[in-house]
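# Topology and contacts: notes
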Amino acid sequence: MNDAQIQLFIQLIATHMGLQIRPQDRSGLSQKLLTRMKAVKIAFPEKYYQMLATPSRESQREWCELALLLTTNESYFMRDKGQFSLLEKVIFPELIAQKRKLHETLGIKPTLRIWSAGCSTGEEPYSLAIILKQLIPDWEKWKILVLGTDINQEVIEKAQRGIYSMWSFRLVDPELQRRYFEKGKIEWKIDRNLRQLVTFSCVNLVTDNYPNNDTDINNMDLIVCRNVFVYFEYQYISQVLKKFAKTLRPGGYLMTGHAEVHNHVMHDFQPKVFPESVVYQAKNVPGEEPAKIESLIASASKTSSAFGESGKRGSVDYDSRQLLPRRTVLASFANGNLADMGSRLTPDTGLVKMVETRYVEGDWAGKDGSFSHPIVADKKPPTTYLMLILEAQKCLKNKDYIEAIDKAQQALSLESQTFEADYLLAQIYANLGKYSQAIEHCKRASKADAMSVFPYYLKAQIAEEQGDLERAKFFLRKAIYVDPYFVSAYLELANIYNKEGKLNIAIKMYNSSCDILKKLPPNTPIGQEGKMTASEVLMDVKKKLVKLSS
């Protein structure tokens, strides 16, 4: 299969599925296409392309088979404890309180509608159902829909069976596992009552139409779409975000994976920053007057889903805005300043306007007043864990490495798997020249937050310090894969290629960094130390380009 043919398939796959095929994945794609061609007994790539491009039942079946090869289906229960804690302690209680108020005002049966988009083998929607079961003791009075969808029909069928290996429970409390799952010989089967709470269907986020009354994908209170956009091309992320905005009820929430929508215009959403995650609230939040609310009441679910277990926990404190005892600092702030965050933002992203957090001193709110009512502005005292992290950061800044290690390790004794403590220890050991220990803590940090670029960037710096430029380039490319707008990685790659004499690639990398820097506010700090602004770095890169081109 030649390059021109592969490019045609790449464009077709993007149009149909939204998937981005990276240059390094082209040869792998070619092998997957040939595998499917052999399976359907088609000898020529152009014939296979024509079959995929022509709408038919045969084409639809083949897209399902090809999707199995092109998509990643890794999932597990309660994935990303920080985000699930945010849902349990803040988002769900808020939604539940709103619905109860509607019920009290209008006497209408409360309705809650949740969509897990890109749910893979079902662990995420089942996790959401478990939390809801614990939060709503009077479930029998509610109409509740938890919908899980995926493009891959095979994983949807697995989700419907609800049978999982122990690997899917690696972050689940054993008591919770025993309560909601039945143990088999080697696998665990989800409780029948819980299974009946969740509806599954096959949905293509790019090509399918929604909101859609026929498929019951409409008027959602919450859409959870995590670790999906990381595989999408830019234009299709924007397209899906617009459809999500129309599918949410006014005031409904969208939760994505960390850093997945950093460079996208979010006109239809109001970003809200919590220590655990950023969430996006659909605009035009309804007022509380009954006349305004009545027309916005969620339509009754077409499925007969309802909670079938009486909760043992007490009623939820619906007026409380208190976050979890474990308050995970946003990964971008783990080094104690905002410089790295700045190197990943553009003016179009809401994050430029919303880096204010209760853990950052000073007024970082956007000038447009987007933080006139920030959720994160509560003045509750920090937890012991957070105090230790902040103290460790201060020690690191003052180069008091021994004390910094002690504080970070104390924090780890309180929270065994956290990004902040491990990433701090990685930085400290790197500064001390103890690279093996630094790399080990980088790995732990990545395990805690797989979507953070900073452990990869630090490992690249260590590799470069050790003279292993190939490994340094490998980690920098990984950082760019996780966040395509992380300008520091482009700059470092350009410097390495320049050092190696590979000027064409160096120029390409410098140009890419220029494109990103031009979109940043001029005074945005760049790099961990934040000693240079975006405009200063841009000027410096332009000088390098002139020198390389002369």
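Read on for an overview of the structure. Everything numeric here is computed off the predicted structure, so don't read it as measured data.

The rules behind these values
- The numbers attached to residues start from 1 for each chain and follow its sequence in the written order.
- Given that this is a predicted model, residues contribute local features only at a pLDDT of at least 70 and side-chain atom pairs are listed and counted only at 80 or more, while totals for whole chains, interfaces and linings are drawn from all residues.
- Excluded from the side-chain calculations are hydrogens and water; all other atoms, namely the structure's heavy atoms, are used.
- By salt bridge we mean one thing: a side-chain nitrogen of Lys or Arg within 4 Å of a carboxyl oxygen of Asp or Glu.
- Put simply, DSSP H or I for four residues or longer makes a helix, DSSP E for two residues or longer makes a strand, and each gets a number counted from the N terminus.
- Remark: exposure states derive from per-residue accessible area (1.4 Å probe, protein chains only) relative to the maximum for the residue type, with buried under 20%, exposed over 50%, and partly exposed in between.
- Working definition: the arc comes from the directions between the helix axis and the C-beta atoms, pointing outward to the latter.
- Contacts are residue-level and defined by heavy atoms, with any inter-residue pair within 4.5 Å sufficient.
- Whether two strands pair comes down to DSSP finding at least two bridges between them.
- Expected helix span is given by 1.5 Å per residue-to-residue step, counting one fewer step than there are residues.
- Under the pairing criterion, centres of Phe, Tyr and Trp rings, with the six-membered ring standing for Trp, must be within 6.5 Å; the plane angle then separates stacked pairs below 30 degrees from edge-to-face pairs above 60, leaving the rest tilted.
- For every element, the axis is a line fit to its C-alpha atoms; helices are fit only across the contacting stretch, and the angle between N-to-C directions ranges from 0 to 180 degrees.
- In these notes the angle categories are as follows: under 35 degrees is roughly parallel, over 145 is roughly antiparallel, 65 to 115 is roughly perpendicular, and the rest is oblique.
- Left-handed describes a crossing whose near helix is turned anticlockwise from the far helix through less than a right angle; right-handed describes the clockwise counterpart.
- By the convention adopted, Pro, Cys, Tyr, Trp, Phe, Met, Ile, Leu, Val and Ala count as nonpolar, Lys, Arg, Asp and Glu as charged, and the other residues, Gly among them, as polar.

Bringing the pattern of salt bridges into the picture now. Pairs may arise between side chains of opposite charge once their charged atoms sit close together. Overall, the coordinates contain 15 salt bridges when judged by the stated rule. Among the salt bridges present, the one from R100 reaches D138, with a minimum N-O distance of 2.6 Å. Taken together, the residues R100 in helix α5 (residues 81–106) and D138 in the loop between α6 (123–135) and β2 (143–150) connect sequence positions 38 residues apart. In the salt-bridge network here, residues are joined through shared partners; they are E470, K473, E500 and K502.

A word on helix α7 (residues 153–161). Of the positions making up α7, those classed as buried are V155, I156 and A159. Buried positions in α7, seen along its axis, are confined to an arc of 105° and lie on one side of it. Considering only its buried residues, α7 is in contact with α6, β2, β3 (163–164) and β6 (198–202). Backbone geometry just downstream of α7 places G162 in the positive-phi region, at approximately 70°.

This part is about the sheet that holds strand β5 (residues 188–190). Ordered in space as β3-β5-β4, the three strands form an open sheet in which the pairing is antiparallel. Unpaired on one side and paired on the other, β3 and β4 (181–183) mark the two borders of the sheet. Sheet analysis places β3 next to β5, joined by two bridges and oriented antiparallel. Bridge pairing in β5 places Y164 opposite W188.

Before going further, it helps to examine helix α21 (residues 534–549). Across its 16 residues, α21 extends 22 Å between first and last C-alpha, which sits within 8% of the 22 Å expected from 1.5 Å per residue. Looking only at α21, the buried set comprises A534, V537, L538, V541, L545 and L548. Considered in projection along α21, the buried side chains sweep an arc of 100° and stay on one side of the axis. For α21, the exposed residues set more than 90 degrees away from the buried face come down to M539, K543, V546 and K547. Buried residues in α21 make contact with α19 (487–500), α20 (503–519), β11 (525–526) and β12 (532–533).

Before going further, it helps to examine the packing of aromatic side chains. In the structure shown here, the tally under the stated rule is 19 aromatic pairs. Where W115 meets Y210, the ring centres are 5.3 Å apart and the plane angle is 85°; that geometry is what we call edge-to-face. Highlighted residues: W115 in strand β1 (residues 111–117) and Y210 in the loop between β6 and β7 (220–225), separated in sequence by 95 residues. A single burial state applies to W115 and to Y210, both of which are buried. Taken together, a centroid distance of 5.9 Å and an interplanar angle of 90° make the contact between F454 and F486 edge-to-face. Placement of the pair is F454 in helix α17 (residues 454–465) and F486 in the loop between α18 (469–482) and α19, with a sequence separation of 32 residues. As far as the burial class goes, F454 and F486 line up, both buried. What links up through ring pairs into an aromatic cluster is the set F77, Y126, Y164, F169, F181, W188 and F200.

In a beta sheet, neighbouring strands pair by backbone hydrogen bonds and run either parallel or antiparallel. Pairing within the open sheet is mixed, and its seven strands lie in the order β6-β2-β1-β7-β8-β10-β9. Each edge of the open sheet carries a strand with a single partner, namely β6 and β9 (269–273). Strand-to-strand twist of the sheet, defined as the mean angle between neighbouring strand axes without regard to direction, takes the value 20°. With three bridges connecting them, β1 and β7 associate as parallel partners.

The interhelical angle for the contact between α5 and α6, taken along N-to-C directions, is 55°, at an axis separation of 11 Å. For the element pair α5 / α6, the angle class is oblique. Handedness of the crossing formed by α5 with α6: right-handed. Each of F84, L87, E88, F92, P93 and I96 in α5 lies in contact with α6, whose residues at this interface are E124, S127, L128, I131, L132 and L135. Across the contact of α5 with α6, the residue classes break down as nine nonpolar, one polar and two charged.

All we've got here are geometric facts, nothing functional implied.
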